[in-house]
Amino acid sequence: MVHDAAPVGLVEQRGDAARWVWRCHHDLSAAQPQLWNALRPMVQRYDAAVFSLARFAAPLSIPRFIVYPAIDPLSERNREMTRSEQALQMDRLHVPRDKPICSRWARSSASTIRSG
């Protein structure tokens, strides 16, 4: 499973026995023509493509599947974490605290954790 446009070219290294699926959450219904014309031949080397919404799916010669995004806001994994829990996880993962955390999912309180 290759996720997103940046690593789409990895399919060029595929072996004969493996099945490859490309996962895209971007809206390709009106993609920039020059970019999509460069990416489409690589995407069509995959065995299938998965999109988040039917309207995002570009016309392709391979099977296309729709898998809707699903985040359960009530699951333990998605609950709010205290600052001490955040620090514990950062220590466990050896995340340095002298640099800002950049993530589209990071909340502002979690993105400013510093040592000391």
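Located above this text is the structure these notes cover.
Throughout this document, residue positions are counted from 1 along each chain, in the order its sequence is written. Under the rules for a predicted model, residues below a pLDDT of 70 receive no local features and side-chain atom pairs below 80 are neither given nor counted, while totals for whole chains, interfaces and linings still include all residues. Side-chain metrics in this entry use all non-hydrogen atoms of the structure; hydrogen atoms and water are not considered.

**Q** Can you walk me through the side chain of Q86 in this structure?
**A** Following the sequence through the fold, Q86 ends up in helix α2 (residues 83-92). For every residue, the accessible area obtained with a 1.4 Å probe (protein chains only) is divided by the maximum for its type, and the residue is called buried under 20%, exposed over 50%, and partly exposed between those limits. Q86 gets classed as buried once you look at its relative accessible area, which sits at 11%. In the analysis that follows, any N or O atom pair within 3.5 Å is treated as a polar contact, provided that within protein one partner can donate a hydrogen and the other can accept it, and provided that, for residues neighboring in sequence, both atoms belong to side chains. One polar contact links the side chain of Q86 to the main-chain carbonyl oxygen of M81, over a distance of 3.2 Å. In this text, helices come from DSSP runs of H or I with a minimum length of four residues, and strands from runs of E with a minimum of two, each type numbered from the N-terminal end.

**Q** For this particular structure, what's the right way to read the packing of aromatic side chains?
**A** What characterises a pair of aromatic rings is the spacing of the ring centres plus the angle enclosed by the ring planes. Stacked, edge-to-face and tilted are the three classes for Phe, Tyr and Trp ring pairs, Trp counted by its six-membered ring, which pair at centre distances within 6.5 Å; planes under 30 degrees apart are stacked, over 60 edge-to-face, the rest tilted. Scanning all chains against the criterion turns up two aromatic pairs. Note on W22 and F51: the rings are 6.2 Å apart at their centroids and 90° apart in plane angle, and the pair reads as edge-to-face. With W22 in strand β2 (residues 21-24) and F51 in strand β3 (residues 48-51), this residue pair connects regions lying 29 residues apart in the sequence. Here F51 falls in the buried class, since its relative accessible area comes to 0%.

**Q** What exactly am I supposed to notice about α2 here?
**A** Within α2, burial applies to Q86, A87 and M90. Relative to the axis of α2, the buried residues are bounded by an arc of 95° and lie together on one face. Turned more than 90 degrees away from the buried face of α2, the exposed residues are S84, L88 and R92. Starting at the helix axis, one direction is taken to each C-beta atom, and the arc is that of these directions.

**Q** How do you make sense of helix α1 (residues 33-43) when you look at a structure like this?
**A** In an α-helix, one turn spans 3.6 residues, which is why side chains three or four residues apart end up on the same side. W36, L39 and V43 are the residues of α1 that are buried. Looking down the long axis of α1, one finds its buried residues gathered within 75° of arc, a one-sided arrangement. Any two residues having at least one pair of non-hydrogen atoms within 4.5 Å are treated as being in contact. Where α1 is buried, its residues contact β2.

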